Every structure is written in C-alpha cells, then in structure tokens.
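Results of the structural survey
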Amino acid sequence: MSGVYYIEVSEDEDGQRLDRFLQKHLKGVPFGLLQKLMRKGQIRVDSKRVKPATRLEQGQSVRIPPMETREEKPKDFVSEKDAALIRSLVIYDEGDIIAINKPSGLATQGGTNITSHVDGMLGALANEKGVKPRLVHRLDKETSGVLLLARSADMAKKLGKIFQGRNIQKIYWALTAPAPEMNQGEIRAPLLKDTSNDFEKMIIDDAGQPATTYFDIIERAHKQMAFVAFWPKTGRTHQIRVHAAHMGAPIIGDRKYTRDDLEISVDGVSHAKRLHLHARKIAFRHPDTNKEVMIEASLPEELEKSWKSFGFDPQTQYDPFQDIQKKSS
C-alpha cells in the first residue's frame, strides 16, 4: 500500500475503540504493527495523536500511513452470488428494521463446518452510509421464515429488549404426526442442553431454563397428523421442536427429535425431505413510533407442496391464539 489515506468514522462505528476500528478496516496488517504506528503518532485521528483505547466519534477522520499488508479479502466481503441471494430474501425494509424470509438449509450464523450463513452476507444490505444490518435473533438452520435484522446498534438493542420482554408475537407453522390430542394448549417444560453428545441437542430437564409454548391446531387430518400453529413465549434453542415431540406430536422431518421413517412419508403420502417448521409471522410495536409492525413470510415452494399434498390450505386466513390475545389485551 502506498501513500497516506484517511478513513471516516461511520455512524455505526460511533463509540468504537480505535484499535478495534483499525483491526476491522486493516485486516491484512499485524496488530503489533498497528500498535507501533499509534505509539509513533503515524496513525492519527483528526490530526491528533491517540491511544489504542481512544473512543471514536462519527465523522472523525483516521489517518492511515503507507504500509505493507498481506492480501486478504475485507471482513465484509460478500460474493456477487451471496449478495444476490440475500437481497432476494428481503420481505420488509423500513430503513432501521429489515426482515428476510430465510430458506431452510441456510444457517443464521457461522460455526463449525459452516461457511455460508446470513450473518456473512449482511454487508450486501448496507445502506448508503455503509451501515450494514445486524442480527436481532436466530432461526435454526433447518427452519425457514421471518428473520429480523436491525440497521444500527441502537435499533438492535431496542428490538433485543422487546424480545427479552416477550412483548412480541412469533407465530410458527408446522406439520406434526400424529396430531396433538387437544386442539389448543400450552406446553411448559424446562429445556437443558444435552452434554452427553457432540452435537447440539436439547432435552426436557427440571434443571433447565423455563420454556413455554402455546399451540393451536389450524387443520386436522383425524389423529394421523395436523397443521399446527406454535407461539413460543420464550426463545430457547429448538424449543418448538422439543416441546412438540414432548407432547407426542413431533414435527415432520425433524431428524433430531423424531423417527427417521417420517422423513419419507406419512400414511403413504410423500413430502419434502426437510423440517416442516416455518416462522410465519412476527408482530410487535415499533420501538420508536409505537406503531404496530406485522411481518409475514409465505411458505417456501417445497412446504407449500407438502401442505397441499396432505389436504391443508397453505393460504389459510385463520388467525390462531385469539383467546390468548384477548386475555392479554
């Protein structure tokens, strides 16, 4: 790299430490060299000498001196293919709040053996100021549907509080086999991570975290199976999947918590070879305007075919949990 250049501190970087700011923007430069350049005053902020722990402010100019760097892709690099994909998934964008309809098979975040994930594509949704969205919550890799994003740290924090306070309605659609015995109900069963294996699996255990899930049958095929709406009042890992299996009505296609033969067919009717769980709707009050926000994600094509193959209506207008909503209003 040759010649001095300057990087302006963005709105999203306001309050960030200088050393972390430099690590983000200068990925190919050893951290020891960055510390040396700061001590010598070659890296400056608004022409002033600074320390690594200096907090930056939006609009400040950071001076970067000439230096040799290792060739690395920028931290926020997104391929054209991934950029096109994440943009095609957007179903809601009002500036500060975005929502995508996440497909099954796409992880929310990175991890062991995961190279492609939503979090790694969010640079493609940056606004004109270069601020990219942040994840507000997660969906299992196998689960499709509404995933909320925030375009600033402040909005992410506000939405996070809404989730923590449970002032939000999250409706999931699922197919279960067999059908739950009751048409409506509440499942209360604490969840604990099973440490006896090397893969993430949750179990019902009194030592676990409290977990509550409401369910409401939308359509029933006798006792064999059902089209069920789930409303998780708490947000534990795999909560709906474990609770559904716990009440004797596991979700079709759930390899972790049900039988493998349900992967192929139910009562001779074939279906998509995936988890039949979809985050259908999220409703909450906007943290800044207090206006109601309601976001719906349509069923993906493979699930719509499964719904129809079992005689269920994927376009139903049935609004579940009316009794619960009346009690809480």
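In what follows, the accompanying structure is described. Note that the structure is a prediction, hence the values are computed from the model and not measured.

Concerning the pairing of strand β6 (residues 97-102)
Counting buried positions along β6 yields 6 of 6 residues, so the element is predominantly enclosed. With burial as the criterion, each face of β6 is covered, one bearing Ile-97, Ala-99 and Asn-101 and the other bearing Ile-98, Ile-100 and Lys-102. Two strands pair when backbone bridges link them, and strand β5 (residues 90-93) and β6 are joined in this way by 3 bridges, in the antiparallel orientation. For Tyr-92, the partnering residue across the bridge sits in β6 and is Ala-99. Following β5, the chain reverses through 3 residues before pairing antiparallel with β6; Gly-95 in that reversal takes a positive phi of roughly 105 degrees. Note: β6 against strand β8 (residues 144-150), 6 bridges, orientation antiparallel. Opposite Lys-102, over in β8, you have Gly-145 as the bridge partner.

A word on the packing of aromatic side chains
Within this structure, the stated rule accounts for 5 aromatic pairs. Ring geometry for Tyr-214 against Trp-231: centres 5.7 Å apart, planes inclined by 70 degrees, an arrangement best described as edge-to-face. Residue Tyr-214 is found in strand β13 (residues 212-221), and its partner Trp-231 is found in strand β14 (residues 225-232); the two are separated by 17 residues along the sequence. The class of Tyr-214 is buried, set by a relative accessible area of 15%. For Trp-231, a relative accessible area of 5% corresponds to the buried category.

Some details on empty space enclosed by the protein
Unfilled space is identified by rolling a water-sized probe across the atoms. The tally for this structure, following the rule as stated, stands at 1 cavity of 30 Å³ or more. Around the largest cavity, the lining residues are His-137, Leu-139, Val-146, Lys-170, Ile-171, Tyr-172, Ala-279, Arg-280, Lys-281 and Ile-282. The dominant element in the lining of the largest cavity, judged by the number of residues it contributes, is strand β17 (residues 277-285), at 4 residues. Counted by class, the lining of the largest cavity contains 6 nonpolar, 1 polar and 3 charged residues.

Some remarks on the packing of helix α1 (residues 18-25) against helix α2 (residues 31-39)
For the pair α1 and α2, interaxial distance at closest approach is 11 Å and the crossing angle is 130 degrees. Classified by the interaxial angle, the pair formed by α1 and α2 is oblique. Between α1 and α2 lies a crossing whose hand is right-handed. Taken together, the residues of α2 that come into contact with α1 (itself represented by Leu-18, Asp-19, Leu-22 and Gln-23) are Phe-31, Leu-34 and Met-38.

Focus on the pattern of salt bridges
Under the definition given, this model contains 15 salt bridges. Glu-13 serves as the salt-bridge partner of Lys-24, at 2.9 Å between the closest nitrogen and oxygen. Here Lys-24 is found in helix α1, whereas its partner Glu-13 is found in the loop between β1 (5-8) and α1, with 11 residues between them in sequence. Under the relative-accessibility criterion, Lys-24 is labelled partly exposed at 26%. In this structure Glu-13 comes out as buried when scored by relative accessible area, which is 3%. Two residues, Lys-308 and Glu-304, come together in a salt bridge whose shortest N-O distance is 3.3 Å. Here Glu-304 and Lys-308 lie together in helix α6 (residues 301-309), a separation of 4 residues that amounts to about one turn. With a relative accessible area of 23%, Glu-304 lands in the partly exposed category. Three or more residues are tied together by salt bridges with common partners; here these are Asp-140, Glu-142, Arg-241 and Asp-254.

What about the pairing of β14?
By the criterion of burial, β14 is predominantly enclosed, with 8 of the 8 residues buried. Side chains of β14 alternate between two faces, with Met-225, Phe-227, Ala-229 and Trp-231 and Ala-226, Val-228, Phe-230 and Pro-232 buried alike. Judged from the 5 bridges that link them, strand β9 (residues 169-176) and β14 form a sheet pairing that is antiparallel. Looking across to β14, one finds that Thr-176 is bridged to Ala-226. Pairing between β13 and β14: 8 bridges, direction antiparallel. Note that in β14 the partner of Asp-216 across the bridge is Ala-229. Counting the residues between successive antiparallel strands, the hairpin from β13 to β14 contains 3 residues, one of them, His-222, with a positive phi of roughly 55 degrees.

Description of the environment of Arg-151
On the secondary structure map, Arg-151 appears in the loop between β8 and α4 (153-165). A relative accessible area of 11% means that Arg-151 is categorised as buried. Sequence separation between Arg-151 and Asp-82 is 69 residues; the distance between their C-alpha atoms is 19 Å. In this structure, Arg-151 is in contact with Asp-93, Gly-95, Asp-96, Ile-98, Leu-125, Ala-126, Asn-127, Val-131, Lys-132 and Pro-133, ignoring residues within four places of it in sequence. In terms of polar contacts, Arg-151 uses its side chain to reach the side chain of Asp-93, at 3.1 Å. At 2.9 Å, the side chain of Arg-151 forms a polar contact with the backbone oxygen of Gly-95.

What counts, and where the lines are drawn
- Residues numbered from 1 in each chain as written.
- Predicted model: local features only at pLDDT ≥ 70, side-chain atom pairs only at ≥ 80, totals over all residues.
- Heavy atoms only, no water.
- Buried < 20%, exposed > 50% of the residue type's maximum accessible area, 1.4 Å probe, protein only.
- Helix = DSSP H or I, 4+ residues; strand = E, 2+ residues; numbered from the N terminus.
- Pairing = 2+ DSSP bridges.
- Phe/Tyr/Trp six-rings, centres within 6.5 Å; stacked < 30°, edge-to-face > 60°.
- 1 Å grid on protein atoms, 1.4 Å probe; cavity = no way out; pocket = protein on both sides within 12 Å on 5 of 7 lines; lining within 4 Å.
- Points joined across faces, edges and corners; volume = space filled by probe spheres on them.
- Nonpolar A, V, L, I, M, F, W, Y, C, P; charged D, E, K, R; others polar.
- Axes fitted to C-alpha atoms, helices over the stretch in contact; angles between N-to-C directions.
- Parallel < 35°, antiparallel > 145°, perpendicular 65-115°, else oblique.
- Left-handed = near helix turned anticlockwise from the far one by under 90°.
- Contact = heavy atoms within 4.5 Å.
- Salt bridge = Lys/Arg side-chain N within 4 Å of Asp/Glu carboxyl O.
- Polar contact = N/O pair within 3.5 Å; in protein donor to acceptor, adjacent residues only side chain to side chain.

Keep in mind these numbers describe shape, not what the thing actually does.
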